[in-house]
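If you want the building blocks of each chain, they are given just below.
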Amino acid sequence: MRRLDLPTPCYIIDEAKLRSNLELLHDIEQETGAHILLAQKAFSCFAVYPLIAQYLSGVTASGLFEAKLGAEEFRKENHVFSPAYDPEEFAELCRICDHISFNSFNQLELYRPVWEQAAVSVGIRVNPECSTQGDHAIYDPCAKGSRLGVTKANFHPELLNGVDGLHFHTLCEQNADDLITTFAAFEEKFGEYLKQMKWLNLGGGHHITREDYDVSALKQLILRIRETYGVEVYLEPGEAIALNAGWLDTTVMDIVENDIKILILDASAACHMPDVLEMPYRPPLTDAGEWGEKAYPYRLSARTCLAGDIIGDYSFDREIKIGDRLIFCDMAIYSMVKNNTFNGMPLPAIALQRPDGSCEMIRQFDYQDFKRRLS
Ligand SMILES: *Cc1c(COP(=O)(O)O)cnc(C)c1O
């Protein structure tokens, strides 16, 4: 199928870019012996799990449903971390996961009788209390009062019996220098316990496939950790796996004027790219510039009733017409996993673009998908 024959709105996964991201990650695994896991919360398009599984060691989940998806569709290492487990879900996680991380010693002890009898490797998430991100407090697990990870003051070395691993996750879209800073803080607080562990999980937020990422600094750190402490090292990036590996194709449905020209698209920030409003950020758009940069400026918005459903202000070299297609970039991550049907908006279809440019429809959604969630 040709790209232009796909319906809109449609998320399109870029197989060529996905593969090139995966090749870089696979190379890190090969050179350092680290295990890299897909954090499914960023990208759960399981149609391409068999492809990803050719390159990576496994997946990680934020709870039972993602863990089931990983067990069914990825079929390699299956890790899970959640701030709290309920008893039924925990029993099932013990059957389908090989690694389970706890967020507190309360939870560790509550389920000790269960996990001690199960074939799982258990870890505890710690909080190195080292914030390295500037302005994204919502994504900072080391912010004051954070519930994520045990702090040094609340750490109970006497309860580590049977615990195989330590886990920390503090980064978001960051480079290796911030990981090195964080590891130093972790090492100072928890390094003495690492020697008795089998593994260390460095969490996600490593923007490894971004152009300026310092891959060799990451490799050196992993090798140093493995040599110094004799532990297996895990990384569980989400973003980095499908970074820039997808688009959201949309169609201009109408153009209205109110001092400025406003495009009404068949896609919505609130429904189909919620991070645009939550982060917030302005998604990259093909063939467009900043407001005022090119001759034809437009505000891009949606056909929902939410006044603030504004994707961003852009400019173009040509006049935009009703029926034109506009293509948002970097739309594979934190998009499909977060979308919703607010205002009764249809969910975008999901397609795959092959390296030769041909496209294949993976899934389309209809009225029943909307209705089934509502009662
Ligand atoms: C969100 C998260 C990840 C993945 O983060 P990215 O920023 O997408 O790389 C990994 N591990 C944990 C525990 C997370 O909460």
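All figures in this text were calculated on a predicted structure; none of them were measured in a lab. As a convention, each chain's residues are numbered from 1 in the sequence order in which they are written. Only residues with pLDDT of at least 70 are given local features in this predicted model, and only at 80 or more are side-chain atom pairs given and counted; all residues enter the totals for whole chains, interfaces and linings. To get the side-chain values, take all heavy atoms of the structure and skip hydrogens and water.

Q: So what about the side chain of Thr-132? Which residues, and what values?
A: As for its position among the elements, Thr-132 is in the loop between strand S6 (121-125) and strand S7 (165-167). When residues no more than four places from it in sequence are discounted, the contact partners of Thr-132 are Leu-171, Gln-174, Asp-178, Thr-181 and Thr-182. Put simply, DSSP H or I for four residues or longer makes a helix, DSSP E for two residues or longer makes a strand, and each gets a number counted from the N terminus. Only heavy atoms matter for contacts: two residues are in contact if any of them lie within 4.5 Å across the pair.

Q: So what's going on with the packing of helix H1 (residues 15-32) against helix H8 (residues 215-229)? Residues and values would help.
A: For the pair H1 and H8, the least separation of the axes is 10 Å and the interaxial angle reads 35 degrees. Of the two possible hands of crossing, H1 and H8 adopt the one that is right-handed. Where H1 approaches H8, its residues Leu-24, Asp-27, Ile-28, Glu-31 and Thr-32 are matched on the opposing element by Val-215, Leu-218, Lys-219, Ile-222, Leu-223 and Arg-226. Geometry is summarised by axes, namely lines fitted to C-alpha atoms with helices restricted to the contacting stretch, and by angles between N-to-C directions that run from 0 to 180 degrees. In this scheme, a crossing is called left-handed if the near helix is turned counterclockwise away from the far one by less than a right angle; it is called right-handed if the turn is clockwise.

Q: Break down the state of the cysteines for me, citing the residues and quoting the values.
A: Linking two cysteines covalently via their sulfur atoms produces the bond known as a disulfide. In plain terms, two cysteine sulfur atoms within 2.5 Å form what is called a disulfide here. Summed over the entire model, instances satisfying the criterion amount to 0 disulfides. Not engaged in a disulfide, the cysteine Cys-45 finds its nearest cysteine sulfur in Cys-10; these two sulfurs lie 11 Å apart. The closest cysteine sulfur to the non-disulfide-bonded Cys-172 is located on Cys-142, 12 Å from its own sulfur.

Q: Help me get a handle on the pattern of salt bridges, residues and values and all.
A: When a carboxyl oxygen of Asp or Glu is within 4 Å of a side-chain nitrogen of Lys or Arg, the pair counts as a salt bridge. One pass over the full model with this rule turns up 22 salt bridges. Lys-219 is the salt-bridge partner of Asp-27, the closest N and O atoms lying 3.0 Å from each other. In this pair, Asp-27 is assigned in helix H1 and Lys-219 in helix H8, connecting sequence segments 192 residues apart. Throughout this description, buried means an accessible area under 20% of the type-specific maximum (1.4 Å probe, protein chains only), exposed means over 50%, and partly exposed covers the range between. A relative accessible area of 29% places Asp-27 in the partly exposed class. Of the charged contacts, one joins Lys-198 and Asp-164 as a salt bridge, the two residues approaching to 3.6 Å between their closest N and O atoms. Taken together, the residues span a long stretch of sequence, with Lys-198 in the loop between helix H7 (176-194) and strand S8 (199-201) and Asp-164 in the loop between S6 and S7 at a distance of 34 residues.

Q: Run through the pairing of strand S14 (residues 310-316), naming residues and quoting values.
A: Of all 7 residues making up S14, 5 are buried, and the element is well covered by its neighbours. With 6 bridges connecting them, strand S13 (residues 296-302) and S14 associate as antiparallel partners. Looking across to S14, one finds that Ser-301 is bridged to Ile-310. A pair of strands is considered paired only if DSSP assigns at least 2 bridges between the two.

Q: Describe empty space enclosed by the protein, and please don't skip the residues or the numbers.
A: The distinction between a cavity and a pocket rests on a 1 Å grid over the protein atoms alone: a 1.4 Å probe fits inside a cavity but cannot get out, while a pocket stays open yet meets protein on both sides within 12 Å along at least five of seven lines, and a residue with an atom within 4 Å of a point counts as lining. Grid points are joined across faces, edges and corners, and a volume is the space filled by probe spheres set on the points. Overall, the coordinates contain 1 cavity of 30 Å³ or more when judged by the stated rule. A volume near 40 Å³ is recorded for the largest cavity. Only strand S4 (77-81), strand S5 (99-102) and S8 provide two or more residues apiece to the lining of the largest cavity. Here the lining of the largest cavity gets 3 residues from one element, more than from any other, and that element is S4. We call Asp, Glu, Lys and Arg charged. Ala, Val, Leu, Ile, Met, Phe, Trp, Tyr, Cys and Pro are nonpolar, and the rest, Gly among them, are polar. When the residues that make up the lining of the largest cavity are grouped by side-chain class, the tally is 3 nonpolar, 6 polar and 1 charged.

Q: Outline the site of the ligand, listing residues and values.
A: Nearness here has a simple test: a residue counts as near a molecule or strand if at least one of its heavy atoms is within 4 Å of that partner. Near the ligand there are 13 residues, and of these Lys-41, Gly-205, Glu-236, Gly-238 and Tyr-334 occur at the shortest range. Pairs of N or O atoms within 3.5 Å make up the polar contacts considered here, provided that, within protein, one atom can donate a hydrogen while the other can accept it, and that residues adjacent in sequence are counted only when both atoms are side-chain atoms. Between Gly-205 and the ligand, the recorded distance is 2.8 Å, taken from a backbone N or O atom to an oxygen atom. Glu-236 places a side-chain nitrogen or oxygen 2.7 Å from a nitrogen atom of the ligand. Accessible areas in this description were obtained via Shrake-Rupley with a 1.4 Å probe; residue shielding takes into account the shown protein chains only. When isolated, the ligand has an accessible area of 380 Å², and the protein chains bury 88% of it.

Q: Quick rundown of the nonpolar core? Include the residues and the values.
A: We define the nonpolar core as a collection of buried residues of types Ala, Val, Leu, Ile, Met, Phe, Trp, Tyr and Cys that are connected through side-chain atoms lying within 4.5 Å of one another. Ranked by internal contacts, the top residues of the largest apolar core, which has 99 residues, are Phe-43, Ile-52, Leu-166 and Leu-300. Discounting residues that sit within four places of it in the chain, Leu-166 has contacts with Ile-124, Val-126, Phe-155, Phe-186, Phe-190, Tyr-193, Leu-194, Met-197, Trp-199, Leu-200 and Asn-201. Listed in part, the 8 residues of the second largest apolar core include Leu-6, Cys-10, Ile-12 and Ala-349.

Q: An account of unusual backbone geometry is needed here, citing residue identities and associated values.
A: The phi torsion of most residues other than glycine is negative, and most of the peptide bonds are trans. With an omega of -5 degrees, the peptide bond running from Thr-8 to Pro-9 counts as cis. As for its placement among the helices and strands, Pro-9 is situated in the segment before strand S1 (10-14). The residue after Met-279, namely Pro-280, is reached through a cis peptide bond having omega -15 degrees. Tracing the backbone through its elements, the reader meets Pro-280 in the loop between helix H11 (275-278) and strand S12 (289-290). Phi is positive for Glu-129, which is not a glycine, with a value near 50 degrees. As for its position among the elements, Glu-129 is in the loop between S6 and S7. One non-glycine residue, Asn-244, lies in positive phi territory at about 55 degrees. Topologically, Asn-244 is positioned in the loop between helix H9 (239-242) and strand S10 (246-258).

By themselves, these observations are geometric and do not establish any function.
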